[in-house]
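Structure assessment
Listed below, chain by chain, are the residues.
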Amino acid sequence: AECVSGCVCPEGLFDDGRGGCVEEKDCPCSHNNEWYSPGQKITVDCNTCTCQKGFWSCTEELCYGTCTIYGSGHYITFDGKFYDFDGDCEYVATQDFCGDKNSSGSFSIITENVPCGTTGVTCSKAIKMFLGKTELKLENKDYKEIQRDIGDDVQYWNRTVGLYLVIEASNGVMLIWDKKTTVFIKLTPDYKGKVCGLCGNFDDKSNNDFTTRNGLQETNALKFGNSWKQSSMCPDVTEEIKPCDVKPHRKSWAEKECNIILSEVFKICHSKVDPVPFFDACVHDACSCDSGGDCECFCSAVAAYAQECTKAQACVFWRTPDIC
């Protein structure tokens, strides 16, 4: 755009972006605003990428999809769409009973949402997992198994990893629960495009995740969420709750506490995972849980960001004796 004096690289050499001139084989690669030398490897989801001549060469494994439900009504679908939905009912989180093939599903996961605090927001209190003829109910930090008469035999295993209870089934479904208000649902790539519910359809496109129970595309999160309720007796959600407006005296405390997500503590993650939606969700939760769950709501919100950071290879040690 303007004429400035300076120098360019001699013929046959390339500008390496750092002020030097290098041969093509020595060109670095860039990822998340960081430079990597040729031959360096990074992990992206379940694939390994190697820097070659300035370009990334990646393996093409199909990865597990993850849906996250946490805090007071925050959802991140398998395809990475963020939205909020506060409904007081049981809802289909995800299932493979979709469309016309209604008879041939192998699993269904239901989240039971109840009010947490006095502002009207809801949290996931219990999870029901239907695997063939086995029903697992997770609540009160424990789970119990109920056998039903119909359905196939689907094997499953459970184990505890740190804070989490992990249930893994032979049909490629995994559920990770923090025994409070956070649940991660992981599915093998075989389910791509074959699931439906609040977690979306897992087809690698986030713009069609709001598909209602009767297969229509919706733009409004409330109408979409209402379509997945299990009982017609539950009232529909008609308006989005803004707890910081309802409890303005909590707002400054909430913003101060949640600022840890935007602070130096998480600096290595900021370029990898956008902190803003997680900060907003944290402020929302810290304003809303005002009946004894203050810290738990705040901690769950920060933990959700920390979990996404870990997935993006940015491990952050943020818990201290004073924080969570």
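Criteria and thresholds
- Residues numbered from 1 in each chain as written.
- Predicted model: local features only at pLDDT ≥ 70, side-chain atom pairs only at ≥ 80, totals over all residues.
- Heavy atoms only, no water.
- Phe/Tyr/Trp six-rings, centres within 6.5 Å; stacked < 30°, edge-to-face > 60°.
- Helix = DSSP H or I, 4+ residues; strand = E, 2+ residues; numbered from the N terminus.
- Buried < 20%, exposed > 50% of the residue type's maximum accessible area, 1.4 Å probe, protein only.
- Core = buried A, V, L, I, M, F, W, Y, C linked by side-chain atoms within 4.5 Å.
- Contact = heavy atoms within 4.5 Å.
- Domains from an automatic or database assignment.
- Buried area = accessible area lost by both parts, 1.4 Å probe.
- Salt bridge = Lys/Arg side-chain N within 4 Å of Asp/Glu carboxyl O.
- Nonpolar A, V, L, I, M, F, W, Y, C, P; charged D, E, K, R; others polar.
- Disulfide = S-S within 2.5 Å.

**Focus: the packing of aromatic side chains**
- Counted according to the given criterion, the structure contains 13 aromatic pairs.
- With 5.0 Å between their ring centres and 85 degrees between their planes, Tyr-83 and Phe-210 make a pair best called edge-to-face. Here Phe-210 lies in the loop between strand 19 (183-187) and helix 1 (221-227) and Tyr-83 lies in strand 10 (residues 82-84), a separation of 127 residues in the sequence.
- On the basis of relative accessibility, which here comes to 7%, the residue Tyr-83 falls in the buried class.

**With respect to the nonpolar core**
- Counting 44 residues, the largest nonpolar core has Ile-109, Leu-175, Ile-185 and Leu-187 as its most contacted members.
- For this core, the leading source of residues is strand 13 (residues 122-131), giving four residues.
- The residues touching Leu-175, leaving out its near neighbours within four places in the chain, are Ile-109, Ile-127, Met-129, Leu-138, Leu-165, Val-166, Ile-167, Val-183, Phe-184 and Ile-185.
- If you look at the next biggest cluster of nonpolar residues, it comprises 29 residues, including Tyr-70, Cys-258, Cys-269 and Phe-278.

**Quick word on the domain arrangement of the protein chain**
- As assigned here, the protein chain comprises domain 1 (14-58), domain 2 (65-227) and domain 3 (243-312).
- The C-alpha-based centres of domain 2 and domain 3 are spaced at 23 Å.
- Roughly 1500 Å² is buried in total at the junction of domain 2 and domain 3, and carbon and sulfur atoms are behind 61% of that figure.
- Summed over the shared surface of domain 2 and domain 3, the result is zero salt bridges.
- Residue assignment for the side of domain 2 that touches domain 3 shows that the elements contributing at least two residues are strand 8 (65-70), strand 9 (74-76) and strand 10.
- Here the element with the most residues in the side of domain 2 that touches domain 3 is strand 8; it accounts for three residues.
- Considering only residue class, the side of domain 2 that touches domain 3 consists of seven nonpolar, ten polar and four charged.

**Quick notes on the state of the cysteines**
- By the definition in use, this model includes 13 disulfides.
- Linked covalently through their sulfurs, Cys-29 and Cys-51 form a disulfide whose S-S length is 2.0 Å. Disulfide Cys-29-Cys-51: the torsion about the S-S bond is 90 degrees, which places it as right-handed. With Cys-29 in strand 3 (residues 29-31) and Cys-51 in strand 6 (residues 47-52), the pair connects residues that are 22 residues apart, well separated along the chain. We note that Cys-29, like Cys-51, is buried.
- One disulfide bridge connects Cys-289 with Cys-297, the sulfur atoms lying 1.9 Å from each other. Where Cys-289 bonds to Cys-297 through sulfur, the torsion about that S-S bond is close to -85 degrees, and the disulfide is left-handed.
- By relative accessible area, which is 11% here, Cys-297 ends up buried.
- In this structure Cys-295 is not part of a disulfide, and its nearest cysteine sulfur, from Cys-299, lies 6.0 Å away.
- Residue Cys-295 is classed as exposed on the basis of its relative accessible area, which comes to 52%.
- Here Cys-315 stays free of any disulfide, with the sulfur of Cys-309 as its closest cysteine sulfur at 9.2 Å.

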